[in-house]
Amino acid sequence: MEEIVPAAALLTGVNQPDHLEQFATLTQRILEKMSASVCMLQSRDCSTLKSAVETMVYNFIECAQERPPQSDLEDEDTEKRERKRLRRTQCNMRQLVHWYRRKYIKPYHNKDNEDDGVDDEEEHSPHAKQRTKRSHALVVILPDFECFNTTILQDLILILSAYYAHLPFVLIFGVATSVSAVHNALPYHVTSKVKLCVFKTQTAPVCLNEILERVILSPKYAFHLSGKAFKFLTHIFLYYDFSIHGFIQGYKYCLMEHFFQGNAYALCSNYTASLNQIKNLSHEDVECIRRLLSFRPYVESINDCKRIIAILTDDNYLKKKLPQLLRDCHIHFMLLRIFLEFLTVLTGDLPKCPLGKQRRELYSFCLSKELRDQPEFKECWQMLSFMSKDEFVSKVSKAISVTEDFLHSEIVDLELAEDCMTTVNEKLQALKDLLTKVVMSGMDEKSPTNSTAAPSTPATPEANKQKFTSRQDLKEHLLQMSKQHNKPSSEYAQSVAQTLLYIQNEIIIKYMAPLTRSPPLHELFVYSDVSTVRRHIIGAPRAALHMALNNPHYYLQCKCCQLSESNQLLATLPDLSVAYKLHLECGRMINLFDWLQAFRSVVDDIDNEQEQVDPQIQARFTRAVAELQFLGYIKMSKRKTDHATRLTW
């Protein structure tokens, strides 16, 4: 009896490098959240219907045997013996039914009769389902649905439907394009056997933003990336591969490099843990702290010479000062994250988004540059000053509300939260008072735009009659008028200007400073070595190949390849390296016979050039030339059969 198999079509999108990783993660979640066995079938393993069924059955049984037994009736020795007896050719649907009944199905009758011999007719009878309870699902995932042969796919689904009365299958289709691909591949007599539900995954940028906001930008964690390093990783993601997995691996590499710099960087943890780590610091670790770039301005800010000498020479004295310095760093980065919420709401939806829409853009901007000096910031402030009263009050009120919600949801349970919340509440309360003045300000006849653009002096008949002999004179006159800084004429404009000035001076300049104005020892919490990350993540394959072929000792570290000069040729070098170094001495066209003779003169110590070339040496040369051609350094010439064309310079 055929039944309807539940199925899900997961739309993932095209050109996703993390396509298979998504389904690997889905497999882990299914195994963690529910009682199920999961088999992932790829199109490369399903060239025929027989191979598809064998692969599916084999994966189900193998995956179950790798996990520990779930029932007291299962004997580990029996499992091992059956695992040894199982062959790929024995994997069929009959074997899967027998394995499932013995392992997962629990009949309602007495357990003593569970292992009795049950013939196939009774096992496959319609009443078997009524006497048993199936609590373990068999999930079949097809991650590359579009790559499957449609005939094989249709037959496989019909087989699973035919056995659904005995095996609770669940199908998951990984569709990269659209749901129409499922309807195009499966005719009606097949789709009528499945109950299809369509799901759509989030786009890669949305997933990235969630990871950034919940993990990397979370105030719970002490480790941070500098603006340039953060921007570098996000640019690789957005402009190269859209790979979440690649971004996470790059972030992990930054994390590894940061803590690999020394034991002093173990202070990059929560405040209580860092206090415990101070006791374990050695003299070398304390010296590492003294070598930090931000440590010198801290020492220079001390006026007492005795304290300076103690900090530079006495390790115990510096250890006593570290708790306060670490506390200042923790509070600084927490306040930066809090007010990042405020500024994101304030400027994220302005026209053209000068400072960016996302928190990640504003975060990298704040850590890299002095925000108040940037033209993008001035443009945002100008647009805010041109808003109407309702728009301005609504936007600032929303920014305050979001910041307060962030305080209660993310900050209140953290260490040092009281100090941060005290500071933030003071600033927000002062901002509310200024906002109240904006609301209560009277509306004059002039709008904020007109009052800002109005000249500082009233228009006189002489000024109206003033004539300009050239456009340059007019331009200079208008520029001079624009530089005149008089107070706005309306009470509303004055209130808005005071509010924006307060936000700029008391929030942005104080708490959203770049790393150059961060507290001392902030290097312990921030990784900023972008060049190292770029060299290891992106790499330079051409330079690495040239180094490997021109100087193999750099990678092999063997004495036989050690060179006194970079252009030296030794017989002990690999044949590919010898051929490569010889080809560098040639022009655009390389004579293969001359190249062979030069190769022979290096690897063979025979002075007679007329002697016949050893076939072994000729074979080695042919192989080296083929490898250079495979690497893209040369290609065989069509005009001259005994010549090769050099492709790199």
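- The protein appears in an unreviewed UniProt entry as Origin recognition complex subunit 3 from Ceratitis capitata.
- Word for word, the UniProt comment on the protein under Subcellular location (unreviewed entry) is "Nucleus".
- The UniProt entry for the protein carries the following text under Subunit (unreviewed entry): "Component of ORC, a complex composed of at least 6 subunits: ORC1, ORC2, ORC3, ORC4, ORC5 and ORC6. ORC is regulated in a cell-cycle dependent manner. It is sequentially assembled at the exit from anaphase of mitosis and disassembled as cells enter S phase."

## Re the overall build of the protein
Here's step 1: For the protein, the helix and strand inventory stands at 31 helices and twelve strands.
Here's step 2: The buried share of the protein, taken over its 649 residues, is 43%.
Here's step 3: In the protein, the share of contacts with a sequence separation of at least 24, taken over all contacts with a separation of at least 6, comes to 73%.
Here's step 4: Working note: accessible area of the protein is about 36800 Å², and carbon and sulfur atoms make up 52% of it.

## Considering the sheet that holds strand β12 (residues 643-646)
Here's step 1: In spatial order, the strands read β10-β12-β11; together these three strands make up an open sheet with antiparallel pairing. The two strands at the open ends of the sheet, each matched to only one other strand, are β10 (589-591) and β11 (634-636). Neighbouring strand axes in the sheet, compared pairwise and without regard to direction, differ in orientation by 35° on average.
Here's step 2: Sitting on the sheet, helix α30 (residues 592-603) touches β10, β11 and β12, and the angle it makes with β10 is about 60°.

## A look at the sheet that holds strand β6 (residues 169-175)
Here's step 1: The parallel open sheet is built from five strands, whose spatial order is β2-β5-β6-β1-β7. The sheet is open, and its two borders are formed by β2 (36-40) and β7 (194-200), each paired with just one other strand. This sheet shows a mean twist of 20° between the axes of neighbouring strands, independent of strand direction.
Here's step 2: Against the sheet, helix α4 (residues 93-103) contacts β2, β5 (137-142) and β6, and its axis sits at roughly 140° relative to β5.
Here's step 3: Helix-sheet contacts for helix α7 (residues 150-162) involve β1 (5-11), β5, β6 and β7, and the interaxial angle to β6 is about 155°.

## Overview of the packing of aromatic side chains
Here's step 1: Within the structure shown, the criterion is met by 15 aromatic pairs.
Here's step 2: Measuring from centroid to centroid gives 5.0 Å for F230 and Y363, while their planes differ by 70°, and the two rings are edge-to-face. You can see F230 sitting in helix α11 (residues 227-241) and its partner Y363 sitting in helix α18 (residues 359-368), a full 133 residues away along the chain.
Here's step 3: By relative accessible area, Y363 is classed as buried at 6%.
Here's step 4: Residues F333 and F525 carry aromatic rings whose centres are separated by 6.4 Å and whose planes lie at 45° to one another, so their mutual orientation is tilted. Here F525 lies in the loop between α25 (491-511) and β9 (526-527) and F333 lies in helix α17 (residues 315-347), a separation of 192 residues in the sequence. The pair F333 / F525 is uniform in exposure class, with both members buried.
Here's step 5: Grouping aromatic residues by their ring pairs yields a cluster made of W99, Y100 and Y104.
Here's step 6: Over the aromatic face of F365 sits the side chain of K369, whose NZ or CZ is 5.1 Å from the ring centroid.

## Section: unusual backbone geometry
Here's step 1: One non-glycine residue with positive phi stands out, namely F242, at about 55°.
Here's step 2: Relative to the helices and strands, F242 is located in the loop between α11 and α12 (244-259).
Here's step 3: One non-glycine residue, L521, adopts positive backbone phi at about 70°.
Here's step 4: Take L521: it is sitting in the loop between α25 and β9.

## Section: the environment of R87
Here's step 1: If you trace the backbone, R87 turns up in the loop between α3 (76-85) and α4.
Here's step 2: With a relative accessible area of 58%, R87 lands in the exposed category.
Here's step 3: C-alpha separation for the pair R87 and Y58, spaced 29 residues apart in sequence, amounts to 8.3 Å.

## Things to note about the pattern of salt bridges
Here's step 1: Scanning the entire structure with this criterion turns up 15 salt bridges.
Here's step 2: Its salt-bridge partner being R327, residue D419 comes within 2.4 Å of it at the nearest N-O pair. A residue pair is termed long-range when its members are at least 10 positions apart, and D419 in helix α21 (residues 417-440) and R327 in helix α17 qualify at 92 residues.
Here's step 3: Among the salt bridges present, the one from E506 reaches K427, with a minimum N-O distance of 3.0 Å. Of the two residues, E506 is situated in helix α25 and K427 in helix α21; the sequence distance between them amounts to 79 residues.
Here's step 4: Take K427: its relative accessible area is 11%, and that puts it in the buried class.
Here's step 5: Connected via shared salt-bridge partners are E213, R337, E341 and R359.

## Focus on a positive patch on the surface
Here's step 1: Where like charges cluster on the molecular surface, the positive patch consists of R588, K635, K638 and R639.
Here's step 2: With respect to the helices, strands and loops of the structure, K635 is situated in strand β11.
Here's step 3: By relative accessible area, which is 44% here, K635 ends up partly exposed.

## Things to note about the side chain of E341
Here's step 1: Inspection of the secondary structure assignment puts E341 in helix α17.
Here's step 2: Beyond its immediate chain neighbours, meaning those up to four positions away, E341 contacts R359, V402, T403 and F406.

About the thresholds
- Residues numbered from 1 in each chain as written.
- Predicted model: local features only at pLDDT ≥ 70, side-chain atom pairs only at ≥ 80, totals over all residues.
- Heavy atoms only, no water.
- UniProt positions renumbered as here; feature names shortened; annotations may be inferred.
- Helix = DSSP H or I, 4+ residues; strand = E, 2+ residues; numbered from the N terminus.
- Buried < 20%, exposed > 50% of the residue type's maximum accessible area, 1.4 Å probe, protein only.
- Contact = heavy atoms within 4.5 Å.
- Areas by Shrake-Rupley, 256 points an atom, 1.4 Å probe, with all protein chains shown as cover.
- Pairing = 2+ DSSP bridges.
- Axes fitted to C-alpha atoms, helices over the stretch in contact; angles between N-to-C directions.
- Phe/Tyr/Trp six-rings, centres within 6.5 Å; stacked < 30°, edge-to-face > 60°.
- Lys NZ or Arg CZ within 6 Å of the ring centre and 35° of its normal.
- Salt bridge = Lys/Arg side-chain N within 4 Å of Asp/Glu carboxyl O.
- Patch = residues over 30% accessible without salt bridge, like charges linked within 9 Å, V, L, I, M, F, W, Y side chains within 5 Å.
- Lys, Arg positive; Asp, Glu negative; His and termini not counted.
- Charge placed at Lys NZ, Arg CZ, Asp CG, Glu CD.

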